[in-house]
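# Coordinates in review
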Amino acid sequence: MFESLGDRLGVIFEGLRGRGALEEKDVNEAMREVRVALLEADVALPVAKDFITKVKERAIGQEVLRSITPGQQVVKIVHDALVDMLGGETDATLNLAAAPPVAIMMVGLQGSGKTTSTAKIALRLQKREKKKVLMASLDTRRPAAQEQLKILGEQADVKTLPIIAGQSPRDIAARAMEAGKLGGYDIVMLDTAGRLSIDEQLMTEIADINVAANPIETLLVVDALTGQDAVQTAEKFKARVPVSGVVMTRIDGDARGGAALSMRAVTGAPIKFVGIGEKLDALDTFEPERMAGRILGMGDIVSLVEKASEEMDVEKAKKAAKKMAKGDFDMDDLAEQFKQMRNMGGMGAILGMMPGMGKMKKMVDQAGGLDDKEIIHQEAIISSMTKKERKTPKLLNASRKKRIAKGSGTSVQEINKLIKAHRQMADMMKKMGKGGMKGMAKQLAGMGGGAGGMGGLGGMLGGSAPDPALLDAAKGGNAPGAEDIDFDALNKAISGQAPMPPGLGGLPGMGKKK
């Protein structure tokens, strides 16, 4: 969603970084380009103007112009201003501090993803917060709206209020709250009806439900693809309903990002959740600092570690950690790493969250991209091996490779490529094993492991929560920026003219033409 804006800002700041000293005219010129980039990203004009004014005031200060690294200082100022624009330090978590059952009311226009978002938030509260959740559909107008929530509840294993035909939305809300009390529920999610446009009837209905249920949170669901219309919708709702937060759906689409950047500044309501896909677990909390880091190509290691911890099988992770500590890493372990990599969104998603890797990811995409199908092929190769071969890859001679190639529908060259990747990762695991947990955290935060280090995430986390040492390293900002990576060497490697630079070997699917 922010890719185009990130690319534009990256070009602007690269020009500033390349200069030994900055003058006021350099900053003014860069700010003009930033303003154009923001407007092209569909950011509201008053918000863009206010942003540029704040950045310029600080960037033209003596501490920046006389700094040893003025370009980096300007980037830091823009980052801080972006964080403020997106919500700053405001606590965007759900307020559940009340006697149960607490009501959360979902409002919005028709087609914005309200019902699906209701189920996503209910699943998140039940799974992560360990809350007992009841969902109730108050949409009596849209055909099968109540049945849709019931089906989503069955998929998410979240209870839904039984459907009784003929009841009004206010009566359903009252019945839901009563059922919540009698059933011992912590939270009651109320999915209200939407309209194609805001009208008086819709607002009156929502006001009635608000009186009947007295929700502690009223979340407005808006579609990111509607651009500034989403911000205008939020303004109109907030004028009539006490909107406490915004849920922005389809943020994984090709919208320009202006709605997300303008929402807080225009409406005053923080974005609390963002929908990043169609699946019920495709929902993230909105973290302004992390989002600003992604826009400026600084990566998001903390989110990456958290996502990794969610995908880990605790027992498998403990066993893998013990094996890696001994330097033991066989083909079965590699297959498990590939599986976890796919669960985390593939190598493209992982690279996008790693500090300084935005430029590398773009370069890789231009060279043919990171083909995640290649990972599936390599899993097929491993599946075609015998248990003995997976345990001891050294047994793989020419005749065995031919047999595996036939069984997996691949070539001997692909098998050799996999063996080489395994050997590189095995060497890395030995180094990590010697360094212990601190060594692993340093390896990830310092980018020393490259893709191999990412493949070994399964062994880094021995439980369901991220390792404190790993998170500390991730938050500490020790990872190098793009200027510390030899992109010329990397470009040659991707195009097949040279080997991968140290620490970046073993990327499955690297440079494979689609």
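Structure shown above.
Before going into details, it helps to say that this report is about the structure given with it. Everything numeric here is computed off the predicted structure, so don't read it as measured data.

Along its length, the protein carries 25 helices and eight strands. When each of the 514 residues of the protein is scored for burial, the buried share is 51%. Residue pairs in contact within the protein that sit at least 24 positions apart in sequence constitute 75% of those at least 6 positions apart.

A few words now on the layout of surface pockets. In this model, the second largest pocket occupies a volume close to 440 Å³. Lining the second largest pocket are 24 residues, with Ser-112, Gly-113, Lys-114, Thr-116 and Thr-249 positioned closest to its centre. Contributions of two or more residues to the lining of the second largest pocket are made by helix H6 (114-127) and strand E6 (245-249). Looking at the lining of the second largest pocket residue by residue, the class counts come to three nonpolar, 12 polar and nine charged.

With that settled, the discussion passes to the pattern of salt bridges. Scanning the entire structure with this criterion turns up 10 salt bridges. The salt bridge partner of Asp-80 is Lys-76, with a shortest N-O separation of 2.8 Å. Of this pair, Asp-80 and Lys-76 both sit in helix H5 (residues 70-86), separated by four residues, roughly a single helical turn. Linking Glu-217 and Lys-272 is a salt bridge whose minimum nitrogen-to-oxygen distance equals 2.9 Å. Within this pair, whereas Glu-217 is found in strand E5 (residues 217-223), its partner Lys-272 is found in strand E7 (residues 271-275), the two being separated by 55 residues in sequence. Shared partners join several salt bridges into a network, and the residues in it are Glu-389, Arg-400 and Arg-403.

All right, on to the packing of aromatic side chains then. Within a pair of aromatic rings, the relevant descriptors are the distance that separates the centres and the angle that separates the planes. Taken as a whole and judged by the stated rule, the model has zero aromatic pairs. Note that Lys-132 overlies the ring of Tyr-185, its terminal NZ or CZ placed 4.7 Å from the centroid.

Our next topic: the packing of helix H9 (residues 200-213) against helix H10 (residues 228-240). Two packed helices can be described by the angle between their axes and the distance between those axes. Viewed as axis vectors pointing N to C, H9 and H10 meet at an angle of 50°, and their least axial separation amounts to 10 Å. For the element pair H9 / H10, the angle class is oblique. Crossing of H9 over H10 shows right-handed handedness. Along its contact with H9, which presents Glu-200, Leu-202, Met-203 and Ile-206, the element H10 presents Lys-236, Phe-237 and Arg-240. Here the residues of the contact of H9 with H10 sort into four nonpolar, no polar and three charged.

On to the environment of Val-221. Here Val-221 lies in strand E5. The sequence separation of Val-221 and Phe-273 amounts to 52 residues, and the corresponding C-alpha distance is 9.3 Å. Apart from residues no more than four positions distant in its own chain, Val-221 is found in contact with Met-106, Val-107, Gly-108, Leu-109, Ser-112, Gly-113, Lys-114, Ser-117, Val-247 and Thr-249.

Moving on to the packing of helix H3 (residues 45-59) against H5. In contact at an axis separation of 10 Å, H3 and H5 are set at 145° when each is read in the N-to-C sense. In terms of crossing hand, the pair formed by H3 and H5 is right-handed. In this structure, H3 uses Val-47, Phe-51, Val-55, Arg-58 and Ala-59 to contact H5, whose residues at the interface are Val-74, Ile-77, Val-78, Asp-80, Ala-81, Leu-82 and Met-85. Taken together, the residues of the contact of H3 with H5 break down into 10 nonpolar, no polar and two charged.

Tallied over the entire structure, the rule returns two cavities of 30 Å³ or more. The space that makes up the largest cavity amounts to roughly 80 Å³. Surrounding the largest cavity, Met-135, Ser-137, Gln-146, Leu-149, Lys-150, Thr-160, Leu-161, Pro-162, Ile-163, Ile-172 and Arg-175 form its lining. Ranked by residues supplied to the lining of the largest cavity, first place goes to helix H7 (residues 145-156) with three residues. When its residues are assigned to classes, the lining of the largest cavity shows six nonpolar, three polar and two charged. By volume, the second largest cavity is sized at about 50 Å³. A class-by-class count of the residues in the lining of the second largest cavity yields six nonpolar, three polar and one charged.

The rules we used
Residues numbered from 1 in each chain as written. Predicted model: local features only at pLDDT ≥ 70, side-chain atom pairs only at ≥ 80, totals over all residues. Heavy atoms only, no water. Helix = DSSP H or I, 4+ residues; strand = E, 2+ residues; numbered from the N terminus. Buried < 20%, exposed > 50% of the residue type's maximum accessible area, 1.4 Å probe, protein only. Contact = heavy atoms within 4.5 Å. 1 Å grid on protein atoms, 1.4 Å probe; cavity = no way out; pocket = protein on both sides within 12 Å on 5 of 7 lines; lining within 4 Å. Points joined across faces, edges and corners; volume = space filled by probe spheres on them. Nonpolar A, V, L, I, M, F, W, Y, C, P; charged D, E, K, R; others polar. Salt bridge = Lys/Arg side-chain N within 4 Å of Asp/Glu carboxyl O. Phe/Tyr/Trp six-rings, centres within 6.5 Å; stacked < 30°, edge-to-face > 60°. Lys NZ or Arg CZ within 6 Å of the ring centre and 35° of its normal. Axes fitted to C-alpha atoms, helices over the stretch in contact; angles between N-to-C directions. Parallel < 35°, antiparallel > 145°, perpendicular 65-115°, else oblique. Left-handed = near helix turned anticlockwise from the far one by under 90°.

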